[in-house]
Amino acid sequence: MRLHFNKHLCAGVLLVCASLLSAKTYATVDGKAITDKDMEILKQSIPNFDYAKLSEQEKDALINELINRQLILKAAKQEKLENSKEYTDIVNNIKDNLLIDLWTKKQADKIQVPSINDAQIRKIYQENEGLFINQEGKARHILVDNEAEAKNIIKELDKAAKGKVEARFIQLANEKSIDPASKQQKNGGDLGVFQRSMMNPDFSKAAFELKPGTYTKEPVHTSFGYHVIYLERKSEPKIIPYNEAKKSIENELRMQSIQGGMMQKIQELRQKAKIEITK
């Protein structure tokens, strides 16, 4: 009796065997090998990860980290933590979030995005010139609940001696600002360095119209409350050309369209459901 082998199947089996034999082992922990498969996991969380490009010191540190991971994993299994309610709840939450993400992606793919022409994009560009400026600034702010309090703070700053304005601003920020960072860290309302486009448009406009070393003479109102702004420094503004801004405007319009479609689908689900809110 003659046996007939599928040559393609045999080739596939040989390739798998060869890959298993050639898989590099970096260490073993109680007989369990740490191989290229463990390194592949890192690529999911670290973009462009390449073990070969690491220094010897970095390689040693990484291998020891993977050894620690195996030891912790083994200890967790020995304690049967996978049978605990806490573990089960976490796994179920991950599954629920994955289902939500998949459903959202599936619905988003179905939404018909209306065509966007050049005239629409150019109109948005021309009407929102302040959004298309590259400019860096460093500032402080004092955030309060109402306009009257903000105006009182400005009056206090007006009384400060020349050369003492910033120190007085820092003092008032630490005393009066309701900004969480200012309250907790007592950092004098420091916002650090930021791009013009990162901030609320009204806030950015007021901040970048200031000269370095000066503060707003009128409160700036945003959804957070009323701001008094002190500008430390700013770079020269550089207008983003239309050809560079066009793609970002187009992407923003598409995203708005998709978000609108998603909200409509969610509203349809709400209308079909029996919802009771208890407080």
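Calculation rules
- Residues numbered from 1 in each chain as written.
- Predicted model: local features only at pLDDT ≥ 70, side-chain atom pairs only at ≥ 80, totals over all residues.
- Heavy atoms only, no water.
- 1 Å grid on protein atoms, 1.4 Å probe; cavity = no way out; pocket = protein on both sides within 12 Å on 5 of 7 lines; lining within 4 Å.
- Points joined across faces, edges and corners; volume = space filled by probe spheres on them.
- pLDDT = per-residue confidence, 0-100.
- Contact = heavy atoms within 4.5 Å.
- Helix = DSSP H or I, 4+ residues; strand = E, 2+ residues; numbered from the N terminus.
- Buried < 20%, exposed > 50% of the residue type's maximum accessible area, 1.4 Å probe, protein only.
- Domains from an automatic or database assignment.
- UniProt positions renumbered as here; feature names shortened; annotations may be inferred.
- Salt bridge = Lys/Arg side-chain N within 4 Å of Asp/Glu carboxyl O.

## Some words on the layout of surface pockets
1) Next: Taken as a whole, the largest pocket encloses approximately 170 Å³ of empty space.
2) Next: Along its surface, the largest pocket is lined by G130, L131, R196, S197, M199, P201, S204, K205 and E209.

## Details of the confidence of the model for the chain
Caution applies to low-pLDDT regions: their predicted coordinates should not be interpreted in detail.
1) Next: On average, residues of the chain score 88 in pLDDT, and 92% of them reach the 70 mark or higher.
2) Next: Across residues 1-21, confidence stays below pLDDT 50; counting only partners more than four residues off in sequence or on other chains, it has one contact.

## Here's the deal with the side chain of T216
1) Next: Relative to the elements of secondary structure, T216 occurs in the loop between strand 6 (214-215) and strand 7 (220-222).
2) Next: Residue class for T216 comes out buried when judged on its relative accessible area of 5%.
3) Next: With residues up to four places along the chain from it excluded, the contact list for T216 reads I154, A206, L210, H227, V228 and I229.

## Regarding the domain arrangement of the chain
1) Next: We note that the domain assignment places domain 1 (25-85) and domain 2 (136-234) within the chain.
2) Next: The straight-line distance from the C-alpha centre of domain 1 to that of domain 2 is 48 Å.

## Observations concerning the UniProt feature "domain: PpiC" (unreviewed entry) in the chain
1) Next: When the UniProt feature table is mapped onto this chain, "domain: PpiC" (unreviewed entry) is found at residues 134-233.
2) Next: Its end C-alpha atoms 15 Å apart, residues 134-233 is made of 39% helix and 30% strand.

## Here's the deal with the pattern of salt bridges
1) Next: Summed over all chains, the structure comprises 18 salt bridges.
2) Next: The residue K85 makes a salt bridge to D89 at a minimum N-O spacing of 2.7 Å. Within this pair, K85 and its partner D89 are both found in helix 4 (residues 85-110), separated by four residues, close to a single helical turn.
3) Next: D89 sits in the partly exposed class, given a relative accessible area of 32%.
4) Next: The salt bridge partner of R254 is E250, with a shortest N-O separation of 3.2 Å. Taken together, the residues R254 and E250, both in helix 10 (residues 242-272) and four residues apart, mark about one turn of the helix.
5) Next: The exposure class of R254 is partly exposed, given its relative accessible area of 33%.

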